[in-house]
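# Chains, contacts and geometry: an overview
The chain contents come next:
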Protein chains: 2
Amino acid sequence: MTFRHELAQQLRVDSVRAGDAAGSGHPTSSMSAADLLAAMLDGHLRLDFERPDNPRNDHLIFSKGHASPLLYSCFKAAGAIDDAELLTFRKFGSRLEGHPTPALPWVDVATGSLGQGLPIGVGLALTGKQLDQLPYRVWVVCGDSEMAEGSIWEAFEHAAHANLDNLVAIVDVNRLGQTGETMHGWDVQSYVDRARATGWHAIDIDGHDPEQVEAALSEAESHSGGPTVIVARTKKGKGVTAVEDLTGKHGKPLPDAAEAIEELGGARDLRVTVSKPDSGELTQAFRVEGADLPRYEVGEEVATRKAYGQTLRAVGSRRGDVVAMDGEVSNSTHSEQFREGHPERYFEMYIAEQQMIAAAVGMQVRGWRPFASTFAAFLTRAYDFIRMAAVSRADLCLMGSHAGVAIGEDGPSQMALEDLAALRAVHGSTVLYPCDANQTAKLLEPMADRPGISYLRTSRGGHPVIYGPDEEFEIGGSKVVRDGNDVTLVGAGVTLHEAVRAADLLAEEGIRARVIDLYSIKPVDTATLRAAAEQTSGLVTAEDHWPEGGLGDTVLAALAESGTMAPVHKLAVPAMPGSGKPAELLRQAAIDAEAIAEAARRLVRQPSMA
Amino acid sequence: MTFRHELAQQLRVDSVRAGDAAGSGHPTSSMSAADLLAAMLDGHLRLDFERPDNPRNDHLIFSKGHASPLLYSCFKAAGAIDDAELLTFRKFGSRLEGHPTPALPWVDVATGSLGQGLPIGVGLALTGKQLDQLPYRVWVVCGDSEMAEGSIWEAFEHAAHANLDNLVAIVDVNRLGQTGETMHGWDVQSYVDRARATGWHAIDIDGHDPEQVEAALSEAESHSGGPTVIVARTKKGKGVTAVEDLTGKHGKPLPDAAEAIEELGGARDLRVTVSKPDSGELTQAFRVEGADLPRYEVGEEVATRKAYGQTLRAVGSRRGDVVAMDGEVSNSTHSEQFREGHPERYFEMYIAEQQMIAAAVGMQVRGWRPFASTFAAFLTRAYDFIRMAAVSRADLCLMGSHAGVAIGEDGPSQMALEDLAALRAVHGSTVLYPCDANQTAKLLEPMADRPGISYLRTSRGGHPVIYGPDEEFEIGGSKVVRDGNDVTLVGAGVTLHEAVRAADLLAEEGIRARVIDLYSIKPVDTATLRAAAEQTSGLVTAEDHWPEGGLGDTVLAALAESGTMAPVHKLAVPAMPGSGKPAELLRQAAIDAEAIAEAARRLVRQPSMA
């Protein structure tokens, strides 16, 4: 155990050195877990640092992402990075960011928003069991502060439910949060009780006792039938008197690094030989069958959510890498279609949207392409997870159904009216909002190849199919569904149908309206919008969404970026809706055909006063 | 118990009738809990329906908001609404929306996004104990499906931690979710184990056995020292063979309402006399002390987050209704200032942002004005709660610190870059982003009187105070900090300082730039923007935020709405940042003075090609 002790001291020293070089960071939160990580590296973790894409590699996730100095010190000890790079910690251009990101090849996902690493670990463990069917293990290092996040308990629930004995969580109970003691302090039993109540195998240890640490790690590896948590009582800042177990020492370099390093026995340059897994194939052999995308007849009434489910099932046959999951509303989102066709690649995530998105993030780490669906309104529950998925450079697809006031009777709690704004504001995202079933079908397959977070907004109610089954749609495109040079009407989804109706109303009055189906909200077809701005008296945009950040603002931004000035009149939901029939609510919100036509009339009459 | 049985059957019949009249809704989810509610109404709940503002009233929250037919049937049985109104369920204009909202005076908060009622109940129970110091009880009816939401476990943790023996949760374990069986089915012990592990008093009963129900409610009322949960095994659709305990019967009217009503013993017209609490004062007497707002000297370097803490403490002295809470980062947000000044009105919510916002929603129900703070990035964790708070017509204040790339070394997980978009897209919200300490101080106090959700974005780093301590700022206003007619630079917060520097750079070249401090992002000062658009060659907007939905889009929307056309060049963060010094990251994102000046030069040279 002497080597491990020396290794742990090196991890502490290097954490102190990294924080000192950066002038910031979280060395004390690193020092508490150093003995745990030293033991894990030396004999338990199986990770080929030279081949980070080896499918049989274990996965190591620092859910307590602020302990990045410890993680990077581990990478150094394993020979993956050198000491010079360690000291670039938190500097501009360094891969060693303040909190871990996949800028480093041994970091699967970004952490730093607490409570996310464990649910993502659940996703990876599900992948190992059910998709990859490979014997890798997922190790997640959690802080005790983050145990207050509900997402941690979603993960506990799901991991036990799915019997994930390839998942090991290590909770570093160093007692102290950022501002003071955590809710439970050193009451490790409180964590053990909770974990056991959810069905986990729980082991509590002194996290600084090498024999207890070794025994716990071995026990976790040999335990079968369910996940294991090691609840380790530790001291924050362990090993340095000036900071050990003291409040007020969170998130800052040690007051005297040289003195601290001396107390820790000085700098070392040990290398640990991390076990490698058996080498496996580097690419999955995804099963592929022929299957045609569904085709819908023009005029047929089909909800776009239904087209989603039917198409996703077909895409799942054409591509073996596609997986689907749902937040216990699969009969509403129609993801049940996929479940029926591909039960081995479908995951019921129950009503736990954070765990759902986290699972998707975990699965895409291993090259699978997840489609996660629920009511669009409830994707807001997982907004921080979606935000962080972008930091993780995750490639995944989201579908939100039941958008807008057009859902009708269920009322505002179920109406997504901010989803376009929220999803547009995710870095690198794609936002699509089809109006008919064939369009939905055609957009869905390219989503599966799209980098980043792709979001498809679908509608509850059925609408007539307006595009033939051979019409092509590209992400970033749009369709001019009515030509005309007097005024332009821009809609998507539900409002596209209203805009077409408005064009009919206007035609009766001799006003020829161009109607643009802006199904690709991001990226947006600037050229078509610009042409409309230049060729007609102005644009009326209509959206089943709050006025902020949605379709109308997209149009304004696109025109501004292209240097095109034109009157734009934005119609959006102006007030809190209640229940009612879809038509009543569209009318009340003034985003129906009559309202669009009226705005268009005003534009045509007085373009400058629109 | 016969009366209670008859009452329960009436609640079932009325739930069936309401769903039948609406043609939609969730009668089966209502029927499972009817015996529980009948007993609660008849002898346990203390609520004066004629005086819903009686401060001593108990609070009844349907966390399973989809069981609204049951809630409304209870209101009818209590004489609060009549039968005719019951049958307006889910119709346009009715107060009886698909899911409960405060359109009804006996509904404190909107529910329907699952997992929110219990954490809000925790907020109300905290209010009863610590703020109101009144003996009311908070009853929360939960579904079993929603027990999968992590927010429920945040609530369990916090309620036990705060010893909330004025809180009773009733879990209606009817086994069946929307699509199938829940994770735990009728394993009521699994819920009991989890509840006990978190420190709750747990009672498991047959939810259809009147004696067990009565005993459990009495035990819950007499239990002291901590919260009680009644885990009730029930049957979905109880009492009607065509639906009882069957899958596929969720969220739809009964197949044959007349037959169901007959099986339930026919319609009844019972009235239950709900106990009234002692009458209490109708208004709180909030303690008020004189205290001056802090004043900062021009030129002094103060972070706006620090001004937030100092000002909030002063506002807390001036107004006894103001309370504050934080997600365990009070030394970063500086809400610790309030805690030190007003410990009796400060709540440590630990790292559980969903529970934090829910607690704020609960507190404002009773007339308190909560200020909830954390890193702006982590408010995204509670986005669904903020969305629903707007549906609840909640009046509360949020502060998000550490906005944008300007935080520097901590990296993207800690950088709010979507918060302006997300908060703008909350209905009725106010979004403020001050650039200096005096401005922060002056904006904070009116926030406390603002209806709806008000959000203040603050910065990590210190910036020189540019406004004198007597300068006035109003919500919805802006400040022209430099005059000029060549071009307009629009910034807020960090970028306002960059815009001023840009104006200096441009002045050296003879370009006179107008600089607008757009500290009020929503509502926005359209008149000032319009004047700038008309009087200068164009606008450059700069924001420490993704390009979508933030300051730039606000400006575009304001100009479009006012019918003003002008070139607008939007600068925003274009790519995923890493770690670095604030100046390095502002430079990389091209939102610093040099980038603003360069965009302005291009506008001045070629306004139409901006």
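Residues numbered from 1 in each chain as written. Chains lettered and ligands numbered in written order. Predicted model: local features only at pLDDT ≥ 70, side-chain atom pairs only at ≥ 80, totals over all residues. Heavy atoms only, no water.

Under the convention used in this document: UniProt positions are given in the numbering used here, feature names are shortened, and annotations may be inferred rather than shown by experiment.
The name given to chain A in an unreviewed UniProt entry is Transketolase, with Haloactinomyces albus as the source organism. We quote the UniProt Subunit (unreviewed entry) comment for chain A here in full: "Homodimer." Quoted verbatim from the Sequence similarities (unreviewed entry) field of the UniProt record, the comment on chain A reads "Belongs to the transketolase family."

## Observations concerning the relation of the copies chain A and chain B
Note the following rule: All copies are superposed by least squares; the fitting set is the C-alpha atoms of residues with a pLDDT of at least 70 in both. Contacts are assigned to residue pairs with any non-hydrogen atoms lying within 4.5 Å of each other.
Here chain A sits on chain B after a turn of 180 degrees about the axis and a move of 0.0 Å along it, with an RMSD of 0.0 Å. Within this description, the copies of the chain are treated as partners about a two-fold rotation axis. Residue Gly150(A), judged by its C-alpha, is the member of chain A lying nearest the rotation axis, at 1.8 Å. The fraction of interface residues of chain A whose copies in chain B are also interface residues reaches 100%, indicating that both copies meet through the same surface.

## Things to note about a negative patch on the surface
All names here are of chain A. Heads up, the condition is: Like-charged residues within 9 Å of one another, or nonpolar side chains (Val, Leu, Ile, Met, Phe, Trp, Tyr) within 5 Å, are grouped into patches, provided each residue has over 30% relative accessible area and no salt bridge. Working definition of accessibility: Shrake-Rupley area with a 1.4 Å probe, residue cover restricted to the visible protein chains. We define a salt bridge as a contact between a side-chain nitrogen of Lys or Arg and a carboxyl oxygen of Asp or Glu at a distance within 4 Å. His is not counted, nor are the chain ends; Lys and Arg add positive charge and Asp and Glu add negative charge. By convention, the point assigned to a charge is CZ for Arg, NZ for Lys, CD for Glu and CG for Asp. Secondary structure elements follow DSSP: runs of H or I no shorter than four residues count as helices, runs of E no shorter than two count as strands, and numbering proceeds from the N terminus. Throughout this description, buried means an accessible area under 20% of the type-specific maximum (1.4 Å probe, protein chains only), exposed means over 50%, and partly exposed covers the range between.
Side chains of Asp20, Asp256, Glu259, Glu262 and Glu263 sit close together on the surface and give a patch of like negative charge. Ranked by the residues each element gives to the negative patch, the list is headed by helix α10 (residues 257-263), at three residues. Looking at the secondary structure, you find glutamate 259 in helix α10. Overall, glutamate 259 belongs to the partly exposed group, its relative accessible area being 48%.

## Description of the sheet that holds strand β9 (residues 369-375) of chain A
Residues and elements named next belong to chain A. Put simply, the test is: Following DSSP output, two strands are said to pair if at least two bridges run between them. Lines are fitted to the C-alpha atoms to define the axes, a helix being fitted only along its stretch in contact, and any angle between axes, read from their N-to-C directions, falls within 0 to 180 degrees.
If you walk across this open sheet you meet the seven strands as β8-β7-β9-β10-β12-β11-β17, and the pairing is mixed. The sheet is open, and its two borders are formed by β8 (346-348) and β17 (520-522), each paired with just one other strand. The sheet shows a mean angle of 20 degrees between the axes of neighbouring strands, taken without regard to direction. When strand β11 (residues 430-432) meets β17, the two strands line up antiparallel, connected through two bridges. Residue pairing across strands places leucine 432 opposite serine 520, the latter belonging to β17.

## Focus: the pairing of strand β12 (residues 453-457) of chain A
Residues and elements named next belong to chain A. In plain terms, the rule: Place the viewer so that the strands point away; then a crossover is right-handed whenever the path from the first strand over the helix to the second strand goes clockwise.
With five of five residues buried, β12 lies mostly within the body of the structure. Neither face of β12 is left uncovered, since the one carrying Ile453, Tyr455 and Arg457 and the one carrying Ser454 and Leu456 both have all their residues buried. Note that strand β10 (residues 396-401) and β12 share five bridges and pair parallel. By the bridge assignment for β12, leucine 398 is matched with tyrosine 455. When β11 meets β12, the two strands line up parallel, connected through three bridges. Among the inter-strand pairings, leucine 432 is bridged to a residue of β12, identified as leucine 456. Taken together, β11, helix α18 (residues 437-447) and β12 constitute a β-α-β crossover, and its handedness is right-handed.

## Thoughts on the packing of aromatic side chains
Where two aromatic rings form a pair, the distance of their centres and the angle of their planes describe that pair. What counts here: Pairing of aromatic rings covers Phe, Tyr and the six-membered ring of Trp, with a centre-to-centre limit of 6.5 Å; geometry is then stacked below 30 degrees between planes, edge-to-face above 60, and tilted otherwise.
Counted under the stated rule, the structure contains 21 aromatic pairs over all chains. Ring geometry for Phe156(A) and Trp200(A): centres 4.2 Å apart, planes at 35 degrees, overall tilted. Linking Phe156(A) in helix α7 (residues 150-161) with Trp200(A) in the loop between α8 (188-197) and β4 (201-206), this pair joins segments that are 44 residues apart in sequence. In this structure Phe156(A) comes out as buried when scored by relative accessible area, which is 1%. On the accessibility criterion, Trp200(A) (4% relative accessible area) is buried. Relative to Phe75(B), the ring of Tyr72(B) has its centre 6.5 Å away and its plane inclined at 45 degrees; by these criteria the two rings are tilted.

## Section: the packing of helix α6 (residues 117-132) of chain B against helix α7 (residues 150-161) of chain B
All names here are of chain B. What counts is decided by this rule: Geometric relationships in this document are graded by angle, where less than 35 degrees denotes roughly parallel, more than 145 denotes roughly antiparallel, 65 to 115 denotes roughly perpendicular, and other angles denote oblique. Crossings are sorted by hand: turned counterclockwise from the far helix by less than a right angle, the near helix makes the crossing left-handed, and turned clockwise it makes it right-handed. Each residue receives one of three labels: charged for Asp, Glu, Lys and Arg, nonpolar for Ala, Val, Leu, Ile, Met, Phe, Trp, Tyr, Cys and Pro, and polar for the others, Gly being one of them.
Where α6 contacts α7, the axes come no closer than 8 Å and their chain directions differ by 25 degrees. Taken together, the axis directions place α6 and α7 in an arrangement best described as roughly parallel. Of the two elements, α6 crosses α7, and the hand of that crossing is left-handed. Note on element contacts: α7 touches α6 through Ser151, Ile152, Ala155, Phe156, His158 and Ala159, opposite Leu118, Pro119, Val122 and Leu126. Among the residues forming the contact of α6 with α7, the class breakdown is eight nonpolar, two polar and no charged.

## Here's the deal with the UniProt feature "domain: Transketolase-like pyrimidine-binding" (unreviewed entry) in chain A
In the numbering used here, UniProt assigns the feature "domain: Transketolase-like pyrimidine-binding" (unreviewed entry) to residues 302-465 of chain A. In residues 302-465 of chain A, helix accounts for 41% and strand for 21%; the two terminal C-alpha atoms are 7 Å from one another.

## Section: the side chain of His66(A)
Looking at the secondary structure, you find His66(A) in the loop between β1 (59-62) and α4 (68-77). Excluding residues that lie within four positions of it along the chain, His66(A) makes contacts with His26(A), Ser29(A), His99(A), Leu114(A) and His250(A).

## Points about the interface of chain A and chain B
How big an interface is tends to be expressed through the accessible area that disappears when the partners come together. The cut-off we apply is this: Buried area is a sum: the accessible area each of two parts loses on coming together, probed at 1.4 Å, counted once for each and added. Counting of polar contacts relies on pairs of N or O atoms within 3.5 Å, with two restrictions inside protein: one atom must be capable of donating a hydrogen and the other of accepting it, and residues adjacent in sequence are counted only when both atoms are side-chain atoms.
Tallying the contact residues gives 99 residues for chain A and 99 residues for chain B. Together, the buried faces of chain A and chain B total about 8000 Å²; carbon and sulfur atoms form 53% of this surface. Looking at the side of chain A facing chain B, the largest losses of area belong to Phe92(A), Met183(A) and Arg381(A), adding up to 10% of the total buried there. Applying the counting criterion to the chain A and chain B interface returns twelve salt bridges. Here Arg381(B) makes a salt bridge to Glu149(A), at a shortest N to O gap of 3.7 Å. For the interface between chain A and chain B, the tally reads 48 residue pairs in polar contact (both at pLDDT 80 or more). Here the residues of the side of chain A that touches chain B are counted per class, giving 36 nonpolar, 37 polar and 26 charged.

## Brief notes about the domain arrangement of chain A
All names here are of chain A. Our working definition: Domain start and end points were adopted from an automatic or database domain assignment.
The domains assigned to chain A are domain 1 (3-263), domain 2 (302-464) and domain 3 (479-605). Inter-centroid distance (C-alpha atoms) of domain 2 to domain 3 is 25 Å. Listed per partner, the contact involves 34 residues of domain 2 and 31 residues of domain 3. Of the roughly 2500 Å² buried between domain 2 and domain 3, counting both surfaces, carbon and sulfur atoms make up 60%. Of all residues in domain 2, Leu417, Arg424 and Tyr433 bury the most surface against domain 3, accounting for 27% of the area lost on that side. Our count for the domain 2 to domain 3 interface comes out at zero salt bridges.

## A short note on the environment of His99(B)
Along the chain, His99(B) falls in the loop between α5 (83-86) and α6. Considered as a pair, His99(B) and Phe89(B) are ten residues apart in the sequence and their alpha carbons are 9.8 Å apart. Ignoring anything within four residues of it in the chain, the contact list for His99(B) reads Asp410(A), Ser413(A), Gln414(A), His26(B), Gly65(B), His66(B), Ser68(B), Tyr72(B), Arg90(B), Thr111(B) and Gly112(B). A polar atom in the side chain of His99(B) sits 3.4 Å from the side chain of Gln414(A).

## Here's the deal with the confidence of the model for chain A
Where we set the bar: As a per-residue measure, pLDDT tells how confident the predictor is, with possible values from 0 to 100.
This prediction gives chain A a mean pLDDT of 96; 98% of its residues lie at or above 70. Quick note on the complex model: pTM equals 0.98, ipTM equals 0.98.

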